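Read off the chains here:
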Amino acid sequence: MTIRTAIRRTTTLALFSSVFLGGLAGTGVAAAPAAPAAPAASVRQCKGEFKHSVSNVKFSRMPNGRLTWSFKLTAAAKRNLGSLVRVSMPQAFVSGHEINPPYGPHTRSSSYDFHSSIKSYQRKGSGHNFTIKTNDEISFFWLVKSISHPRSGAYRTITCKVPSA
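Residues numbered from 1 in each chain as written. Predicted model: local features only at pLDDT ≥ 70, side-chain atom pairs only at ≥ 80, totals over all residues. Heavy atoms only, no water.

### So, the nonpolar core
Stage number 1. Among the nonpolar cores identified, the biggest contains 30 residues, and Phe-59, Trp-69, Phe-71, Ile-118, Phe-140 and Trp-142 are the most heavily contacted of them.
Stage number 2. Of all the secondary-structure elements, those providing two or more residues to this core are strand E2 (55–61), strand E3 (67–73), helix H2 (75–81), strand E4 (84–94), strand E7 (114–118), strand E10 (137–146) and strand E11 (153–161).
Stage number 3. Top contributing element to this core by residue count: E4, with 5 residues.
Stage number 4. When residues no more than four places from it in sequence are discounted, the contact partners of Phe-140 are Phe-59, Trp-69, Met-89, Gln-91, Ala-92, Pro-102, Ile-118, Arg-156, Thr-157 and Ile-158. (Core = buried A, V, L, I, M, F, W, Y, C linked by side-chain atoms within 4.5 Å. Buried < 20%, exposed > 50% of the residue type's maximum accessible area, 1.4 Å probe, protein only. Helix = DSSP H or I, 4+ residues; strand = E, 2+ residues; numbered from the N terminus. Contact = heavy atoms within 4.5 Å.)

Structural data, given as structure tokens:
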């Protein structure tokens, strides 16, 4: 990761954090305090379930190399965000490179399984296609905006390593 990319990534995530933490006031859905950066060796594989107060995300890697995920809001998040939400992925990274996010905005019931996958991607500013590889470090940033309660929202981030197919 270049220094410029690291700064842009940190600045963007900090901006979203401050904007939406303010919007979370009174919703009861809050992100956990940011943990100190972990050494690269301790980044978990994108495999199995990642539980959190906002959503539970399940990852699996298909034999063809595609990484799939299932993003489901928790009961607490559904209570606080209401019955209709819009989930988007404004930012994503592969091995420190910002990419065109692999998930477009979806407005659905808060009980919907916001699912998708990634196999190939484009880096921001590049017209070239790349393919995810085992041990690539992927970071996804999901943004959840309540349609039922327009002043409420939440976000979820996950960084993990692509497991072998």
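### Observations concerning the packing of aromatic side chains
Stage number 1. Inspection of the entire model under this criterion finds 10 aromatic pairs.
Stage number 2. When the centroid spacing of 5.3 Å and the interplanar angle of 80 degrees are considered together, the rings of Phe-50 and Phe-59 count as edge-to-face.
Stage number 3. Its relative accessible area of 4% is what places Phe-59 among the buried residues.
Stage number 4. Centre to centre, the rings of Phe-71 and Trp-142 are 5.0 Å apart; their planes meet at 35 degrees, and the pair counts as tilted. On the criterion of sequence distance, the pair formed by Phe-71 in strand E3 and Trp-142 in strand E10 is long-range, its members being 71 residues apart.
Stage number 5. Through successive ring pairs, a cluster of aromatic residues spans Phe-50, Phe-59, Trp-69, Phe-71, Tyr-112, Phe-114, Phe-140 and Trp-142.
Stage number 6. The residue whose ring lies beneath Arg-44 is Phe-50, and the NZ or CZ to ring-centre distance is 3.7 Å.
Stage number 7. The lysine or arginine in question, Arg-108, covers the ring of Tyr-112, its NZ or CZ lying 5.3 Å from the ring centre. (Phe/Tyr/Trp six-rings, centres within 6.5 Å; stacked < 30°, edge-to-face > 60°. Lys NZ or Arg CZ within 6 Å of the ring centre and 35° of its normal.)

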